[in-house]
Amino acid sequence: MTSTPEKNNLTTPVTEVLNKHVSVRQYTDQDIDDNLLMTILNASRRSPTSSNMQTYSIVVVRNPEVKKELAVLTGGQKHIEACPVFIAFCADITRLEAICEMHGQTLTKNLETTLVSSIDAALVGMSVQTAAESFGLSGVMIGGIRNNPKEAAELLELPKGVYITYGMCLGWPKEDLIPDRKPRLAEHVVIHKETYKVDNLEGEIRTYNQQLKAHYEAQNRNLDDDAWSGPIAKKQEKPNRPKLKETLESMGFSLD
Ligand SMILES: Cc1cc2nc3c(=O)[nH]c(=O)nc-3n(C[C@H](O)[C@H](O)[C@H](O)COP(=O)(O)O)c2cc1C
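Residues numbered from 1 in each chain as written. Predicted model: local features only at pLDDT ≥ 70, side-chain atom pairs only at ≥ 80, totals over all residues. Heavy atoms only, no water.

With respect to topology, four strands assemble into an open sheet ordered E1-E2-E4-E3, the strand pairing being antiparallel. Two strands lie at the open edges of the sheet, namely strand E1 (56-61) and strand E3 (138-142), each paired on one side alone. On average, each strand axis in the sheet is inclined to that of its neighbour by 20°, with strand direction left out of account. Both E1 and strand E2 (residues 85-92) contribute to a ladder of six bridges, which runs antiparallel. Looking at E2, one finds that Tyr56 is bridged to Ala91. The strands that helix H6 (residues 111-134) touches are E1, E2, E3 and strand E4 (162-171); relative to E4, the one it contacts most, it runs at about 5°. (Pairing = 2+ DSSP bridges. Helix = DSSP H or I, 4+ residues; strand = E, 2+ residues; numbered from the N terminus. Axes fitted to C-alpha atoms, helices over the stretch in contact; angles between N-to-C directions. Contact = heavy atoms within 4.5 Å.)

The structure is reproduced here in structure tokens:
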């Protein structure tokens, strides 16, 4: 029988890794051994997957020229060039299509198919990050890959029915350049017990703005008082990646 852990024993190697997480964008020149990488990727493939459909694929990129091009496609993110390994986590419905064809069915694509495959890709990627960090590696997820999804897909020779949900830089961190952990919103703002309740949301946002401002000030970076909400609000003025729907549709996904 599984028992509830003692109150004074609520730390495991996994919670320690999760609690230490920071995104790291500067790496040493040391490569990542392929055995280590495959250990991480194969452990991560134990992640749950919707109806065991496994509607994702992983593309590992080590080629410096390709990483250079990916850096350009993501808006000049230099850490993609700097990291020894870039991983593309892809939603992949090609196997669903093949299965349907084998059984004389037609794949009915809709928003759910797109969500299922994107969630599968997101889950396996999160496991990769945790497993990698448990070995002392560091990295950062790259949503910027969706700036130019079609061009990135062409570069990695992805077939129709595959798009990169997000990427990930992985490498050995430059120890003296590991950033401090970024504060998170208060737990009662995001964790609800039984029913959803938040009192004084604006006050909570202002409190978090102050915490984030102090976090950046400790790194000699000065931000406005609205350190968190200001830039986020500004970004919402215009729709982000307005052509994404038609681009994903042209790549074989449905958003209806
Ligand atoms: C799906 C996703 C996409 C992200 N895309 C980028 C990106 O394109 N470039 C980048 O530098 N950081 C990216 N990040 C990293 C976030 O900015 C970072 O996780 C967040 O600021 C919190 O910081 P922390 O991870 O250090 O705690 C992304 C994170 C996630 C989860």
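Next comes the rest of the account.
In the region of the ligand, 13 residues are neighbours, and His21, Ser23, Gln77, Gly143 and Lys182 sit closest. Contact between the ligand and Ser23: an oxygen atom at 2.7 Å from a side-chain N or O atom of the residue. A distance of 2.6 Å separates an oxygen atom of the ligand from a polar side-chain atom of Lys182. For the ligand, whose accessible area on its own is 620 Å², the fraction buried by protein is 65%. Looking at the shell around the ligand, the element that brings in the most residues is E3, giving three residues. (Near = heavy atom within 4 Å. Polar contact = N/O pair within 3.5 Å; in protein donor to acceptor, adjacent residues only side chain to side chain. Areas by Shrake-Rupley, 256 points an atom, 1.4 Å probe, with all protein chains shown as cover.)

Moving on, we come to the packing of helix H2 (residues 34-44) against H6. Contact pair H2 / H6: the axes reach a minimum separation of 8 Å and the direction vectors enclose 135°. Here H6 runs oblique to H2, going by the angle between their axes. For the pair H2 and H6, the sense of crossing is right-handed. Along its contact with H2, which presents Ile40, Leu41 and Ser44, the element H6 presents Val124, Ser127, Val128, Ala131 and Ala132. When grouped by side-chain class, the residues that make up the contact of H2 with H6 number six nonpolar, two polar and no charged. (Parallel < 35°, antiparallel > 145°, perpendicular 65-115°, else oblique. Left-handed = near helix turned anticlockwise from the far one by under 90°. Nonpolar A, V, L, I, M, F, W, Y, C, P; charged D, E, K, R; others polar.)

Attention now moves to the side chain of Thr114. Note that Thr114 resides in helix H6. Judged by relative accessible area, which is 5%, Thr114 ranks as buried. In terms of polar contacts, Thr114 uses its side chain to reach the backbone carbonyl oxygen of Ser254, at 2.5 Å. Contact partners of Thr114, with chain neighbours within four places excluded, come to Phe253 and Ser254. (Buried < 20%, exposed > 50% of the residue type's maximum accessible area, 1.4 Å probe, protein only.)

With the rule as written, the count across this model stands at three aromatic pairs. Ring plane angle 35° and centroid distance 5.5 Å describe the contact between Phe89 and Tyr166, whose orientation is recorded as tilted. A residue pair is termed long-range when its members are at least 10 positions apart, and Phe89 in strand E2 and Tyr166 in strand E4 qualify at 77 residues. Neither Phe89 nor Tyr166 differs from the other in exposure class; each is buried. For the ring pair Tyr208 and Trp228, a centre distance of 5.0 Å and an interplane angle of 85° mean the geometry is edge-to-face. Taken as a pair, Tyr208 in helix H9 (residues 201-217) and Trp228 in the loop between H9 and helix H10 (229-235) lie far apart in primary sequence, 20 residues in all. By relative accessible area, Trp228 is classed as partly exposed at 27%. (Phe/Tyr/Trp six-rings, centres within 6.5 Å; stacked < 30°, edge-to-face > 60°.)

Ranked by size, the top nonpolar core spans 32 residues in total, and within it Leu70, Ile80, Phe86, Leu156, Leu158, Ile164 and Cys169 carry the most contacts. For this core, the secondary-structure elements that each account for two or more residues are helix H3 (64-73), E2, helix H5 (94-102), E3, helix H7 (149-155) and E4. Every residue in contact with Phe86, bar those within four places of it in the chain, is listed here: Val59, Val60, Val61, Lys67, Leu70, Ile80, Ile142, Ile145, Gly167, Met168 and Cys169. Val85, Val124, Tyr166 and Trp172 belong to the second largest nonpolar core, which has 19 residues in total. (Core = buried A, V, L, I, M, F, W, Y, C linked by side-chain atoms within 4.5 Å.)

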